[in-house]
Amino acid sequence: MTLKVFNQGVSRWIVSVSLLALGGCGPLESESPASGSEAAPAVVGEARQSVSTVSHRASTTAWVKGATSLTLNKPAGTVAGDVLLARLSNRNNVAAVATPPAGWTFLRSDQSASQIKAWVFYKVAGASEPASYAFTFDASYYLAGSISAFSGANPTNPIDAHSGQKNGNLATMDSPAITTTSANGLAVWFGTQLWAGATCPTNPLTPPTGFTEAFEACLQSSDRGILFDMAWKELGAAGAQPAFNGLSTLPNTNTAQAVALRAADAPTCTVGDTFASTWTLMGTVSAPFIVEPSGLAASRVTPGAIYVHNEDVNDIVAISTANAATLGSFKVAGVTPQDWEDVATGPCPTGSCIYMGDIGRSSASLPIPPNTFYVYRIPEPNIGAGQTSGDLTSERFPFVYPDGGKDAEAIMVHPATADIYIITKSGSGLSKVYKMPNPLPAPGVQSTLIFVSNLQLPVVPDQPNWSYTTSASIHPCSNRFILRTYKTVYEFRAAPGAAFETAFAAAPVTLTDTVEGQGEAIEYDPSGASYYTMSESPSPFRLKRVLRQ
């Protein structure tokens, strides 16, 4: 078995260990189950920050031929409060019934028409766990399975979402998309596939992009073999997640299942349509580096922190959402902004990043309006770990519009897919929405934006300040977005169950304005239960909040 990290379609080979006696692919038939465990590897050559507090501790695997029970060892290092996920599979009888040991809860099962069935069970480890767990079946079968232990999950309500399906005679191992309700969880992917042959194939299964493979194992049989795999991936913001799709080198029937574990004390993402009619002053910014605030972005790494930035200098300051007190002051190294107009946070290869939109066209620092613009992707600092000052690194992604240069002041990043949206600024109220290619090209390589939609805002005669888009943000649950003009606030809502981009065609809903001289910044709370605003002028700069009712 080879442990692998799959990042943006590239396999990084971490360590290769022969585990024939520990549940890997082996050439010999055996009537006795074998098991093994291995700690999840870290990404090589990448300073990956931890977005999720949930982590894979260890896994064990086992298989047996012609038996009515499957015994799986407890994963190494399991402690009280860990969440255990068991995945079991059998061959050639999808009417089979699996019974777990005491304390285990059935989560789901997925099956083909006749050849393979896979179950998922879970439990929260207690203070005294047995050394192994015996799962029993209603008849004698060829069986394979695994148990994986995870630390940092919510012990009271560990399962956030799950999905699964059969993929018939295919090399694709697709699990349906899920929607999470809490932030910073962990996605676990199980792939199980038919196999028949004298020896097990070498590493036939590839987990979805961005997942870390914990193990890949094989029940070898000339007619009833099973290939099985488990991998995990940290999740950031709550909401709709992309489908987790694995691959196999073999076009055989398979099941793919995904489970999202909820982090301990994770904020739950909720939506609602009614907000308070008044706003609350949370505090006044005291950081001297902030002289022209133009955007707000809630941290996905540090709870209770929100970033604010200037337009024409490379300062970023993290302030407290409770009172606007300074939590950290940073500069983006080696960057001279043209016109930084808005900011967002979202997923990225290192975990969570700040996305700075150098998208304005009318700054005093620009004597000639540019036609090339930039998005800077900046790994979030870990303020809670003591990173409260210094330089931040960035990657620069230049872009042009497909139909000529435009002035824009709003950038949004989808909290699950990392799609980057730019919304233009228009006094007529007809803004345009574009997005960057996903995946992004290499840093420094110019992109042409993709047109998404027109966005019509209400117009007040002879009052263009009511129609200029100055900031926007996607809701943590990914089904709506909020937009600020100088003088008002709108929310655009997708219909229940509809794709996020349908929200661009929705009628704007007027929300509570926070009465600012030059409203240029807006952001949702990470739970979706409120939104924050700040004005670019006058000073002192005040952080305001509107609560959802």
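The structure under discussion appears in the preceding block.
First things first, this report covers the structure right here in the doc. (Residues numbered from 1 in each chain as written. Predicted model: local features only at pLDDT ≥ 70, side-chain atom pairs only at ≥ 80, totals over all residues. Heavy atoms only, no water.)

**Let's talk about the overall build of the chain**
- Summing up its helical and strand segments, the chain has zero helices and 38 strands in all.
- Counting all 549 residues of the chain, 58% fall into the buried class.
- Nonlocal contacts in the chain, meaning residues at least 24 apart in sequence, comprise 67% of its contacts between residues at least 6 apart.
- When the accessible area of the chain is evaluated, it comes to approximately 19500 Å², of which 53% is carbon and sulfur surface. (Helix = DSSP H or I, 4+ residues; strand = E, 2+ residues; numbered from the N terminus. Buried < 20%, exposed > 50% of the residue type's maximum accessible area, 1.4 Å probe, protein only. Contact = heavy atoms within 4.5 Å. Areas by Shrake-Rupley, 256 points an atom, 1.4 Å probe, with all protein chains shown as cover.)

**What to know about the packing of aromatic side chains**
- Scanning all chains against the criterion turns up 23 aromatic pairs.
- Ring centres of Phe121 and Phe135 lie 5.8 Å apart, and the angle between their planes is 45°; this geometry places the pair in the tilted category. Of this pair, Phe121 sits in strand β7 (residues 116-124) while Phe135 is found in strand β8 (residues 132-151), placing the two residues 14 residues apart along the sequence.
- The exposure class assigned to Phe121 is buried, which follows from its relative accessible area of 2%.
- An angle of 55° between the planes, with centres 5.6 Å apart, marks the rings of Tyr421 and Phe504 as tilted. Linking Tyr421 in strand β28 (residues 420-424) with Phe504 in the loop between β34 (489-493) and β35 (509-511), this pair joins segments that are 83 residues apart in sequence. (Phe/Tyr/Trp six-rings, centres within 6.5 Å; stacked < 30°, edge-to-face > 60°.)

**Overview of the pairing of β8**
- Extensive coverage of β8 is indicated by the burial of 14 of its 20 residues.
- In this sheet, β8 lies alongside strand β3 (residues 55-73) in antiparallel orientation, the contact comprising 15 bridges. Following the sheet pairing, Ser55 is matched in β8 by Ser151.
- With eight bridges joining them, strand β4 (residues 83-91) and β8 adopt antiparallel strand pairing. Bridged to Val83 within β8 is Phe150. (Pairing = 2+ DSSP bridges.)

**Quick look at the sheet that holds β28**
- The strand order across the open sheet formed by four strands is β27-β28-β29-β31, and the pairing between neighbours is antiparallel. Bordering the open sheet on either side are β27 (408-413) and β31 (450-456), each of which pairs with just one other strand. The sheet shows a mean angle of 25° between the axes of neighbouring strands, taken without regard to direction.
- Two strands pair when backbone bridges link them, and strand β29 (residues 430-435) and β31 are joined in this way by six bridges, in the antiparallel orientation. Residue pairing in the sheet places Ser431 in a bridge with Leu455 of β31. (Axes fitted to C-alpha atoms, helices over the stretch in contact; angles between N-to-C directions.)

**Overview of the state of the cysteines**
- Here the structure, examined in full by the defined rule, presents two disulfides.
- Residue pairing for Cys200: its cysteine sulfur links by disulfide to Cys218, the two sulfurs lying 2.0 Å apart. Of note, the bridge from Cys200 to Cys218 carries an S-S torsion of about -80° and is left-handed in sense. Of this pair, Cys200 sits in the loop between β11 (186-195) and β12 (205-206) while Cys218 sits in strand β13 (residues 212-219); the two residues are 18 residues apart in sequence, bridging distant segments of the chain. (Disulfide = S-S within 2.5 Å.)

**Comments concerning the nonpolar core**
- With 26 residues, the main nonpolar core has Leu85, Phe150, Val188, Met230, Val259 and Leu261 as its most contacted residues.
- Elements that contribute at least two residues to this core include exactly β4, β7, β8, β11, β13, β14 (225-234) and β16 (244-261).
- For Val259, the contacting residues outside a window of four places in its chain are Leu85, Leu107, Val120, Ile159, Ala161, His162, Leu186, Ala187, Val188 and Phe190.
- Counting residues in each nonpolar core, the second largest holds 20 residues, with Ala62, Leu70, Leu84 and Trp104 among its members. (Core = buried A, V, L, I, M, F, W, Y, C linked by side-chain atoms within 4.5 Å.)

**Describing the pattern of salt bridges**
- Within this structure, the stated rule accounts for 16 salt bridges.
- The salt bridge partner of Arg480 is Asp273, with a shortest N-O separation of 2.9 Å. You can see Arg480 sitting in strand β33 (residues 480-485) and its partner Asp273 sitting in the loop between β16 and β17 (280-284), a full 207 residues away along the chain.
- For Arg480, a relative accessible area of 7% puts it in the buried group.
- We classify Asp273 as partly exposed; its relative accessible area is 47%.
- Here Arg480 ties to Glu491 by a salt bridge, and the two come within 3.4 Å at their closest N and O atoms. With Arg480 in strand β33 and Glu491 in strand β34, this residue pair connects regions lying eleven residues apart in the sequence. (Salt bridge = Lys/Arg side-chain N within 4 Å of Asp/Glu carboxyl O.)

**Digging into the side chain of Lys123**
- As for its position among the elements, Lys123 is in strand β7.
- A distance of 3.1 Å separates a polar atom in the side chain of Lys123 from a polar atom in the side chain of Glu129.
- Residue contacts for Lys123: discarding those within four places in its chain leaves Asp82, Val83, Leu84, Ala102, Gly103, Trp104, Glu129 and Tyr133. (Polar contact = N/O pair within 3.5 Å; in protein donor to acceptor, adjacent residues only side chain to side chain.)

**Considering unusual backbone geometry**
- Omega for the bond connecting Asn438 with Pro439 falls within 30 degrees of zero, at 10°, which places this linkage in the cis form.
- Structurally, the position occupied by Pro439 is in the loop between β29 and β30 (447-448).
- A cis amide bond, omega 0°, links Ser537 with the succeeding residue Pro538.
- Considering the arrangement of structural elements, one finds Pro538 in the loop between β37 (530-535) and β38 (542-547).
- Residue Asn169 is not a glycine yet carries a positive backbone phi of 50°.
- The topology assignment puts Asn169 in strand β9 (residues 159-175).
- Here the phi dihedral of Asn203 falls at roughly 45°; this positive angle occurs in a residue that is not glycine.

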